[in-house]
Amino acid sequence: MAIKLVSMKCPECRALLDVEENRKQIFCSYCGTKIMIQNDNEHIVRHIDEAGIKRSELNAMVRLKELELEEKENERRRKGRYTAYIIACILLVVGIVSEIIVHENPLGLFMILGAVYIAMFAFFSSDDDKKKKH
């Protein structure tokens, strides 16, 4: 039984190819392009850029990973600011109580100033984050 061959051209490099009649797909022996063949009477040739498909899938995965890392970094910063505000509040309360109990206590004043400094630092660092996003 003889194998029937059909001649066709590669859609990518235009090389002449001999294809077995019942094949569903072939690879060009010159440029390596994958060619899909449909229907027994008509030979419809589709060029499938597998490298391009994989590249776009990879780019999508990389972008998704970048977004995940960005979200983790934003969450870390939010937690850091929250912790700074908590520490500032504790220092402020301790400083105020210390000033009420012992008048003219330099430690109480130092705690109040430290609380204000920490709160200002946390507030202004959050403004810098907002400016970077825009």
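Scroll up to find the structure this text is about.
Below: a short report on this structure. (Residues numbered from 1 in each chain as written. Predicted model: local features only at pLDDT ≥ 70, side-chain atom pairs only at ≥ 80, totals over all residues. Heavy atoms only, no water.)

1. A few points about the overall build of the protein chain
A count of helices and strands for the protein chain gives 2 helices and 5 strands. From first element to last, N terminus to C terminus, the protein chain shows the α and β order β-β-β-β-β-α-α. The buried share of the protein chain, reckoned over its 134 residues, is 19%. Taking the intrachain contacts of the protein chain between residues at least 6 apart in sequence as the baseline, contacts between residues at least 24 apart amount to 23%. (Helix = DSSP H or I, 4+ residues; strand = E, 2+ residues; numbered from the N terminus. Buried < 20%, exposed > 50% of the residue type's maximum accessible area, 1.4 Å probe, protein only. Contact = heavy atoms within 4.5 Å.)

2. Things to note about unusual backbone geometry
Even without a glycine there, the phi angle at Arg-14 is positive, about 65°. Positionally, Arg-14 belongs in the loop between strand E1 (5-9) and strand E2 (16-20). Among the residues examined, Arg-14 registers a relative accessible area of 57% and is labelled exposed.

3. Considering the packing of aromatic side chains
Per the stated rule, a full pass over the model turns up 1 aromatic pair. Seen from their ring centres, Phe-123 and Phe-124 are 5.4 Å apart, and the 70° between their planes marks the pair as edge-to-face. Take Phe-123: its relative accessible area is 43%, and that puts it in the partly exposed class. Assessed through its relative accessible area of 47%, Phe-124 is described here as partly exposed. (Phe/Tyr/Trp six-rings, centres within 6.5 Å; stacked < 30°, edge-to-face > 60°.)

4. Digging into the pattern of salt bridges
Applying the stated criterion across every chain, the model contains 6 salt bridges. One salt bridge connects Glu-66 with Arg-63, and the closest N-O pair in it is separated by 3.5 Å. With Glu-66 and Arg-63 both in helix H1 (residues 50-101), this residue pair falls 3 residues apart, about one helical turn. Under the relative-accessibility criterion, Glu-66 is labelled partly exposed at 40%. A relative accessible area of 43% places Arg-63 in the partly exposed class. (Salt bridge = Lys/Arg side-chain N within 4 Å of Asp/Glu carboxyl O.)

5. Points about H1
The first and last C-alpha atoms of H1 sit 76 Å apart over 52 residues, in line with the 76 Å expected at 1.5 Å per residue. For H1, every residue scored as buried is listed here: Gly-52, Asn-74, Arg-81, Ala-84, Ala-88, Gly-95 and Ser-98. (Expected span 1.5 Å × (residues − 1).)

6. A word on the pairing of E2
Side chains Leu-17 and Val-19 of E2 all project onto a buried face; the interleaved residues Leu-16, Asp-18 and Glu-20 project onto a face where none is buried. Two strands pair when backbone bridges link them, and E1 and E2 are joined in this way by 5 bridges, in the antiparallel orientation. Counted as the bridge partner of Lys-9 is Leu-16 from E2. In textbook terms, the turn of a hairpin is the stretch between consecutive antiparallel strands, and for E1 and E2 this stretch comprises 6 residues, one of which, Arg-14, has a positive phi near 65°. (Pairing = 2+ DSSP bridges.)

7. Notes on the environment of Gly-80
Within the secondary structure layout, Gly-80 lies in helix H1. A residue is classified by how much of its surface remains accessible, and Gly-80, at 39% relative accessible area, is partly exposed. Distance in space between the C-alpha atoms of Gly-80 and Ala-122 is 8.3 Å, their sequence separation being 42 residues.

8. Focus on a nonpolar patch on the surface
On the surface, Leu-92, Val-93, Ile-96, Val-97, Ile-100, Ile-101 and Val-102 cluster together to form a nonpolar patch covering roughly 620 Å² of accessible area. As for its position among the elements, Ile-100 is in helix H1. (Patch = residues over 30% accessible without salt bridge, like charges linked within 9 Å, V, L, I, M, F, W, Y side chains within 5 Å. Areas by Shrake-Rupley, 256 points an atom, 1.4 Å probe, with all protein chains shown as cover.)

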